[in-house]
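Residue-level structural notes
Chain residues, written in single-letter form:
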Amino acid sequence: MATTKRQPAKGLTPPQKLPAKKRAAAIEGIPAARAKKIAASEPISPKIKRGKTKAPLAPERVKAILDALRKTYPNVVCALTHRNAFELTIATILSAQTTDVGVNKATPDLFRMFPTPKALAQASLAEIEPLIKTTGFYRAKAKNIQGAARVLVEQFHSEVPKTIDEMIQLPGVARKTANVVLGSWYGIPSGVVVDTHVHRLSNRLELTKESNPVKIEQDLQKVIPRDRWIQFSHELIHHGRQICIARKPRCADCTLEHLCNSADKTWSSH
């Protein structure tokens, strides 16, 4: 009997490859009017009191959260523009403590001048720093991306590795960055990306009570199916930027409103 060759897992589509309308929906979410209809179709999570849901980790509630997020961000993508794993790694390092929009403005010139790990590894900090200055903390970031490129060249034959343990050997790369690259480019569900938005939303949704990113990730991995880790991470990140913002979340426009009993909701239907 002939054997079927196993196809490699597929990562997320780079955002620039989507038509403008689909790209907007994948990152910014669906229009508010449609979001409200989706919210109304989701089950209400009963609460014990303000800020406390009855059985917050019940499988049917988690399933409903995932359903609403998928409908809110169809064809979800990582917001960072990139053409390969190297570019995504560098862009993700640069995204620390700044916006993806800002990174996307800086990286075209950076990658035009230094399109490969070897080219970036051989560049001087004086050449790199002006290109990424707008991303903030540019001196430290320049050292990190130059160092990451050198490690790629010297230890990994200029190829971005496919394991967490190898990825975190790169300067400027911790679990968050590694999970972004492994998931978004290689399609490897190595973990759940925990940034400030995932931190905030997973607590508001009572999927965790932790504040440490590593412990938050561990909690989320227990309740989110592995085949949804990649998409869920980006859906929650986009939702945190667009709707469930830190101050005055837009609860009236939120597809998760029926499922959420956060104490700091600005509007509630139940």
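You'll find the structure just up there.
In short, a report on the structure.

The rules behind these values
- Residues numbered from 1 in each chain as written.
- Predicted model: local features only at pLDDT ≥ 70, side-chain atom pairs only at ≥ 80, totals over all residues.
- Heavy atoms only, no water.
- Buried < 20%, exposed > 50% of the residue type's maximum accessible area, 1.4 Å probe, protein only.
- Helix = DSSP H or I, 4+ residues; strand = E, 2+ residues; numbered from the N terminus.
- Contact = heavy atoms within 4.5 Å.
- Core = buried A, V, L, I, M, F, W, Y, C linked by side-chain atoms within 4.5 Å.
- Salt bridge = Lys/Arg side-chain N within 4 Å of Asp/Glu carboxyl O.

**Observations regarding helix α10 (residues 175–184)**
Most of α10 is tucked away, with eight of its ten residues classed as buried. Taken together, the buried positions of α10 are occupied by Thr177, Ala178, Asn179, Val180, Val181, Leu182, Gly183 and Ser184. Against the buried residues of α10 lie α4 (85–94), α9 (164–167), α12 (213–223) and α13 (229–242).

**Things to note about the nonpolar core**
Leu110, Leu120, Ile128, Ile132, Ile145 and Phe232 are the most contacted members of the largest nonpolar core, which has 65 residues in total. The element that contributes the greatest number of residues to this core is helix α8 (residues 138–156), accounting for eight residues. With sequence-adjacent residues up to four places away left out, Ile145 is seen in contact with Ile90, Ile93, Leu94, Leu110, Leu120, Ile128 and Ile132. Membership of the second largest hydrophobic core comes to five residues, among which are Leu18, Ile27, Val77 and Ala79.

**Some points on the pattern of salt bridges**
Under the counting rule described, the total for this entry stands at ten salt bridges. Residue Glu87 is joined to Arg83 by a salt bridge in which the shortest nitrogen-to-oxygen separation is 2.6 Å. Using a relative accessible area of 3% as the deciding quantity, one classes Glu87 as buried. Relative accessible area serves as the criterion here: at 55%, Arg83 is assigned to the exposed category. Where Arg204 meets Asp264, a salt bridge forms, and the shortest distance between an N and an O atom there is 2.9 Å. Separated by 60 residues along the polypeptide, Arg204 in helix α11 (residues 196–204) and Asp264 in the segment after α13 bring together distant segments of the chain. Take Arg204: its relative accessible area is 9%, and that puts it in the buried class. What makes Asp264 partly exposed here is its relative accessible area of 37%. A network of salt bridges, in which partner residues are shared, links Lys36, Arg250 and Asp253.

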